Every structure is written in C-alpha cells, then in structure tokens.
Amino acid sequence: MTEKTLSKSILPLLSALVATTPLAIDLYLPAFVAISSYFNTDMAQVQLSLSSYLAGYAIGMMLFGPLIDQKGRRLFALFGLLGFGLCSFLLTVTQSIDTFIVLRFAQAFFGSAVTVVVPGIIRYMYQENTAKGMSYVSMIMMLAPLLAPSIGSVLMITWHWHAIFYALTIYASVLFVLAYFYLREVPIHPSKIKGLALFFSNYRIVLTNKKARFDIVISMLASFAFFCFLTKVSAIYMAHFKVSETLFGVLFAFNVLALMLGNFINTRLVPKFGSRKMLNIGLAISFIAVTCLILVSVFTHNVYLVAAFIAPLMMSLGIMATNADALILINFKKKSGTATAVIGTLRFGSGAFAGPILAFIPLPPSIGFAVAMAMAVSGILICQLKQLKFGH
C-alpha cells in the first residue's frame, strides 16, 4: 500500500481519534444546567469540571508525548481508548460533583493518549505539507463539535444527561475495535536515554528550538481564545441573550461551521502560499472580526450580530492554530510526539485558565469575551512580529 493510499484510507480514523476530546467537551455543554440541578450545586462547580478536563488533558500530554516517541503510537492509542471508555461509563454512576470533576480529569488524561498519536502520523505522511494534512483531519474532526451540542440536547431531552456519557462509552468502544484492526505504526526514532532523563532531554530539545518558540506561543494563544469561546458560549447565548436550547445548538453549529470553513480554505491555499503567510491571513481576519465583535457587543443587544462576528473569528482561529502547529511539527521529525505534547500541554493548559480569567473580567458576557479574544489576537500579532524580526 502506497503512502498516498494510506493517507486517504486512514484520515477518517485519525479524525475520529482526535474528535474524542471535542466530543467529550461539546456533548455536555447543553447539560450544564441539568448537571448542576442533579448534583444540587451551582454552575461554577459544573464549569470547574471543564477546567479539570483541560488540566487532565494537558498533564496526560506531557506524560505520553515522549513515551510515544520512544515506544510507538498504536499501543498508547488503544490504552487511551480503553481508559477513556471506562471513565465515560463511571461518569454515569457517580453521585457526587467532586467525584464527577475527578473522573473528568481522568477521562481527559486517558483521552490525551488517544489524540497525541495523531499529529506524528500526519507529519510522517505529509512531510512539508503537514498543514494540509492537519487541515483535512481538523475539517473532518470538526463535525464533532458541529453536531455534538445538538446531539447532547437530544440525548438529554429524550432521556437524561447520563445518556451523553453512555454515548461517549460506546464511541470509545467502537474506536478501540477500529484502531485495533486498522491503525498502523509509523517509524519511530527511540532515544538511548531512559527514565526521567528521557523526558527532560526531549522537552529540552523542543523548548529550546528557536525556530519553534514563537509558533508554540501562537498555538497556545489561539487555543486560549478558542477555549474562551467554549467556556463562555453558554453564558453568552443562553444566559445573556436568553435563547432556547435549540437555537443555542444552531448558533453554536454556525460558529463551528466557520471554523471548518477556515480549515477547508487552508487545505486549498496552504500549498500555494505556505503556512507562515496563511497564519498572517488568519491574523488579519481575526483583527477585523474582534474589532467588529467589540463594537456590536457594546452598542447593540443583538444575538445574531454577535454570532455573525464570532463566526469569522472562529474561522481565523482555525487557520492560525493549524498553521502554527504545522510549523512547529516540521521542525521535529524525530520528536513529533514530544512536540505534540508541548503544543497540547500549553494549549489545553492555557485553556484551563480561560474560565478564571473570563470570570475576573467585570463586563457583560459578550463584551468580556470580546476583550479576552482581543488580548489573545494581540499576543499572536506580537509573536508574528518577533518571528519577522528574528528572520524565522
């Protein structure tokens, strides 16, 4: 089987593996109120379960990244799916919000082992066109957050919020079978260094690479902006604008479609322009969109205008994050797992701070969200200017 044929046949499976995390997050977003009522606690505690998920994911990435460079990817994908499925089931039987939060941490920890294997496989298959391959996977994978809130709402209405985690259990089980039969190993370059020294060595190689450092920060800031959206989207649409659960699903889907469009545009244009120029295009779009979002949030109270300007902002985040990740991975042929771990740890680690930072911005939800996004976009601009200055 040729490498080209392999890439076409395995892309849906890789996309499904990466989708475990967005599904685990987005499926239960419409259930926040129901979960809060079930455990007789406030919304802040339920939102903490999202932060604990992001923290567990970041810590898992740190552990599994160097290990897959050393041992290979297939074994860790299967191990992660098994643990993710078990935690998903346990979440259906817990009777305590504290246990719920801990299990979400564990679910994310195992889920990180599933997703950390994917970028290295894409980097092997696509080489210098890594951004194109990652855009394809991201575009297919984005069907998960596109459909997830609506599916979550249907599951919750037809039965109970527990059905969401039963669905995740089934999803992980099916993927385990598919990965067992179809996921192939790609070449690895194991180091002679063992134990803790392996982790320190791998992370030192990645973190001290001058060509990648600003792109790593860009990836982190783009992810922070995206998790600001995930953290605040319920408050903006449902609490602030008082839309129904059905309309929330529609508006959320509209914003995620824009994110998919950004990845689709990237697959068409990145071979022609390159990842650096595409990152600049995404940055320009984000500046226009966030400026308009601030203006409509301050001077109007129109949910459709707010959603309309969140959409191009999401599109630009898709373009910037994908190309930043590709630029990072291209620098690390032998340490792609560790590089992915650094990307994931910083991205999801920064995402864990989205909730607390937004909570401390004393503004209405849509305005506070827009300000946080403007801060992230400004940081990306500074990093791009630094890249230009140092000639990387």
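What you see is a predicted model, and the numbers here were worked out from it, not measured in a lab.

(A) The arrangement of the packing of aromatic side chains in detail. Summed over the entire model, instances satisfying the criterion amount to 23 aromatic pairs. Each ring, one from Tyr28 and one from Phe165, has its centre 6.2 Å from the other, and the planes form 70°; the classification is edge-to-face. Here Phe165 lies in helix H10 (residues 162–182) and Tyr28 lies in the loop between helix H2 (20–26) and helix H3 (32–38), a separation of 137 residues in the sequence. Each of the two residues, Tyr28 as well as Phe165, counts as buried. Ring centres of Phe229 and Phe369 lie 6.4 Å apart, and the angle between their planes is 55°; on these two criteria the pair is classed as tilted. Here Phe229 is found in helix H12 (residues 213–240), whereas its partner Phe369 is found in helix H18 (residues 365–390), with 140 residues between them in sequence. By relative accessible area, Phe229 is classed as buried at 2%. Counting every residue linked through ring pairs, the aromatic cluster contains Tyr28, Phe32, Tyr38, Phe39, Phe100, Trp161 and Phe165.

(B) Region of interest: the nonpolar core. Residues Leu14, Leu17, Phe100, Leu183, Phe229, Tyr237 and Met373 are the most contacted members of the largest nonpolar core, which totals 133 residues. At 17 residues, the largest contribution of residues to this core is made by helix H15 (residues 303–330).

(C) Spatial organisation of the side chain of Ser36. Of note, Ser36 is situated in helix H3. Owing to a relative accessible area of 9%, Ser36 belongs among the buried residues under this scheme. At 2.4 Å, the side chain of Ser36 and the backbone oxygen of Thr41 are in polar contact. Excluding residues within four positions of it along the chain, Ser36 makes contact with Thr41, Asp42, Met43 and Val46.

(D) Up close: the state of the cysteines. Counted under the stated rule, the structure contains 0 disulfides. Of all cysteine sulfurs in the structure, the one in Cys228 sits closest to Cys292, which takes part in no disulfide; the separation is 19 Å.

Cut-offs and rules
- The residue count restarts for each chain, going from 1 along the sequence in the order it is written.
- Reporting of local features is limited, given that this is a predicted model, to residues whose pLDDT is at least 70; pairs of side-chain atoms are given and counted only at 80 or more, and all residues count toward the totals for whole chains, interfaces and linings.
- Hydrogen atoms and water are omitted, and side-chain values are computed over all heavy atoms in the structure.
- Pairing of aromatic rings covers Phe, Tyr and Trp, the last counted by its six-membered ring, and requires centre-to-centre distances within 6.5 Å; plane angles under 30 degrees mean stacked, over 60 mean edge-to-face, and any other angle means tilted.
- Numbering of helices and strands starts at the N terminus; helices are DSSP runs of H or I of at least 4 residues and strands are runs of E of at least 2.
- Each residue is assigned to one of three classes by its accessible area relative to the maximum for its type, calculated with a 1.4 Å probe on protein chains only: buried under 20%, partly exposed between the two thresholds, exposed over 50%.
- Remark: nonpolar core denotes a set of buried residues (Ala, Val, Leu, Ile, Met, Phe, Trp, Tyr, Cys) joined through side-chain atoms within 4.5 Å.
- Counted as a polar contact is a pair of N or O atoms within 3.5 Å, where, for protein atoms, one must be capable of donating a hydrogen and the other of accepting one, and residues adjacent in sequence contribute only when both atoms are in side chains.
- In what follows, residue pairs with any heavy atoms lying within 4.5 Å of each other are defined as contacts.
- In what follows, a disulfide is any cysteine sulfur pair within 2.5 Å.

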